[in-house]
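Spelled out from the first residue to the last, the chains are:
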Amino acid sequence: MLFRSAIETRVSHIEVETSADEKRDKLGDLVDQMDNVKITDTDLVGLNGPEKIVKHPLQNSWTLWFFKNDKARSWEENQKPIITVNTVEDFWSLYNHIEVASKLPPGSDYSLFKEGIFPDWEDKRNQPGGRWIINLDKRQRAEHLDNYWLEILFFLIGEHADQYAFQVNGAVVNVRGKGDKLAIWLADATHGDSIIRIGKMLKERLGIDPGERIGFNIHNEEKSKSSSLKKQKFYV
Ligand code: MGP
């Protein structure tokens with residue numbers, strides 16, 4: 001929250017929709033609108049010389065992707081990169097301009113991945129990996145979805161996995177009528193220690209009851225097997 005006010009002094013050339021309905025209708029357009037958006041120092045108004053705000057660099061650059069469930073297109077084609085950010089301020093600027101996950105139409109996803117990683121199982125940096133999954137039932141959306149997603153975003157951009165941060169490729173939120181899903185995607189499914197550590201950190205950060213179990217799926221198994229045969233290799 002520290003950086004919100006600083007960011008709000010900026011003018012952006014992204015149009016901000018006003019009503020929730022309008023936002024929903026225009027989500028497809030949002031992807032197009034944001035296609036060419038670059039958040040730069042020129043977005044700072046009237047701040048020159050010593051007053052100029054110094055942006056706080058993130059350790060990695062992160063790309064936000066939006067998945068729009070368009071049946072006329074392939075799964076891969078429905079994944080659209082929105083923007084890449086590499087400072088705290090640009091992250092907030094982006095976050096403040098987009099709809100929260102709970103307001104997205106069912107079938108949509110947001111993904112935040114390290115720059116250069118496509119948010120799919122096939123990307124060479126995802127292939128050997130897997131994901132920690134948090135399933136929410138329908139009633140949990142209002143209370144948890146947006147908070148959990150924001151906590152996960154902080155976990156990523158703040159490199160909260162510390163010495164295991166090399167494992168963290170990205171995260172996805174799936175907004176679904178049947179129940180939403182959140183996942184943190186890790187790079188290497190053979191690196192048991194770091195997987196368990198990250199799973200525990202995730203549970204703790206989200207305040208998930210220690211008695212509740214979450215599972216880690218290996219991408220290769222998810223790709224090749226029907227959901228009834230999916231195996232979860234790790235639990236915390
Ligand atoms: P989903 O969107 O991850 O979850 O996968 P959803 O909608 O809850 O469905 P469920 O099957 O988990 O209950 C839905 C479908 O999208 C998958 O069955 C795949 O067909 C496709 N899909 C999902 N992912 C993550 C990928 C991916 O990484 N690559 C490709 N090629 N298809 C994917």
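Please read these numbers as outputs of a predicted model, since none were measured by experiment.

Focus: the packing of aromatic side chains
Two measures describe an aromatic ring pair: the distance that separates the ring centres and the angle between the ring planes.
Next up, step 1: Under the counting rule described, the total for this entry stands at 11 aromatic pairs.
Next up, step 2: Seen in terms of ring centroids, tryptophan 92 and tyrosine 95 are 5.6 Å apart; in terms of plane orientation they differ by 85°. Their pairing is edge-to-face. Residue tryptophan 92 and its partner tyrosine 95 are located together in helix α4 (residues 88-97), separated by 3 residues, close to a single helical turn. When sorted by exposure, tryptophan 92 lands in the same class as tyrosine 95, which is buried.
Next up, step 3: An aromatic cluster is present here, built from Phe91, Trp92, Tyr95 and Phe154 joined pairwise through their rings.
Next up, step 4: If you follow arginine 213 out to its NZ or CZ, it ends over the ring of tyrosine 235, 3.9 Å from the centre.

A few points about the sheet that holds strand β6 (residues 181-186)
Sheet strands pair by backbone hydrogen bonding; their relative direction is either parallel or antiparallel.
Next up, step 1: Reading across from one edge, β2-β1-β3-β5-β6-β4-β7-β8 is the order of the 8 strands in this open sheet, with antiparallel pairing throughout. Each having just a single partner strand, β2 (79-87) and β8 (232-235) make up the two edges of the open sheet. Adjacent strand axes in the sheet meet at a mean angle of 25° when their direction is disregarded.
Next up, step 2: Relative to strand β5 (residues 168-174), strand β3 (residues 109-114) is paired through 5 bridges, and the arrangement is antiparallel. Of the residues in β5, the one forming a bridge with aspartate 109 is asparagine 174.
Next up, step 3: Across the face of the sheet, α4 comes into contact with β1 (57-67) and β2 while running at roughly 145° to β2.

Observations concerning the pattern of salt bridges
Next up, step 1: Enumeration according to the criterion identifies 8 salt bridges in this entry.
Next up, step 2: Of the charged contacts in the structure, one is a salt bridge between aspartate 90 and lysine 55, with a shortest N-O distance of 3.0 Å. Taken as a pair, aspartate 90 in helix α4 and lysine 55 in the loop between α3 (27-35) and β1 lie far apart in primary sequence, 35 residues in all. In terms of burial, aspartate 90 and lysine 55 fall into one category: buried.
Next up, step 3: Between aspartate 137 and arginine 139 there is a salt bridge, and its shortest N-O distance comes to 3.0 Å.
Next up, step 4: Relative accessible area serves as the criterion here: at 31%, aspartate 137 is assigned to the partly exposed category.
Next up, step 5: Residue arginine 139 is classed as exposed on the basis of its relative accessible area, which comes to 71%.

A closer look at helix α6 (residues 192-206)
An α-helical segment advances 3.6 residues per turn. Residues three or four places apart therefore align on the same side.
Next up, step 1: In this model α6 runs 21 Å from its N-terminal to its C-terminal C-alpha over 15 residues, within 8% of the 21 Å that 1.5 Å per residue would give.
Next up, step 2: The elements touched by buried residues of α6 are β4 (130-135), α5 (141-157), β5, β6, β7 (215-218) and β8.
Next up, step 3: At the exit of α6 stands glycine 207, carrying a positive phi of roughly 70°.

With respect to the packing of α5 against α6
Next up, step 1: Following both chains from N to C, one finds α5 and α6 inclined at 135°, their axes separated by 10 Å at the closest point. As the angle between them shows, α5 and α6 are arranged oblique. The element α5 and its partner α6 pack so that their crossing is right-handed. The residues of α6 that touch α5, namely those facing Tyr148, Glu151, Ile152, Phe154 and Phe155, are Ile198, Met201, Leu202, Arg205 and Leu206.
Next up, step 2: Its residues placed into classes, the contact of α5 with α6 shows 8 nonpolar, no polar and 2 charged.

Focus: the environment of isoleucine 157
Next up, step 1: By the element assignment, isoleucine 157 lies in helix α5.
Next up, step 2: Residues isoleucine 157 and phenylalanine 113 lie 44 residues apart in sequence; the distance between their C-alpha atoms is 9.7 Å.
Next up, step 3: Setting aside chain neighbours within four positions, we find isoleucine 157 in contact with Leu58, Trp62, Phe91 and Leu112.

As for the confidence of the model for the protein chain
Next up, step 1: Per-residue confidence for the protein chain gives a mean pLDDT of 84, with 75% of residues at or over 70.
Next up, step 2: Low pLDDT (under 50) marks residues 1-28, which in the prediction has 47 contacts with non-local residues, meaning those over four places away or in another chain.
Next up, step 3: Of the regions scoring below 50 in pLDDT, residues 42-46 engages in 9 contacts with residues more than four places distant in sequence or in other chains.

How each quantity is defined
Residues numbered from 1 in each chain as written. Predicted model: local features only at pLDDT ≥ 70, side-chain atom pairs only at ≥ 80, totals over all residues. Heavy atoms only, no water. Phe/Tyr/Trp six-rings, centres within 6.5 Å; stacked < 30°, edge-to-face > 60°. Helix = DSSP H or I, 4+ residues; strand = E, 2+ residues; numbered from the N terminus. Buried < 20%, exposed > 50% of the residue type's maximum accessible area, 1.4 Å probe, protein only. Lys NZ or Arg CZ within 6 Å of the ring centre and 35° of its normal. Pairing = 2+ DSSP bridges. Axes fitted to C-alpha atoms, helices over the stretch in contact; angles between N-to-C directions. Contact = heavy atoms within 4.5 Å. Salt bridge = Lys/Arg side-chain N within 4 Å of Asp/Glu carboxyl O. Expected span 1.5 Å × (residues − 1). Parallel < 35°, antiparallel > 145°, perpendicular 65-115°, else oblique. Left-handed = near helix turned anticlockwise from the far one by under 90°. Nonpolar A, V, L, I, M, F, W, Y, C, P; charged D, E, K, R; others polar. pLDDT = per-residue confidence, 0-100.

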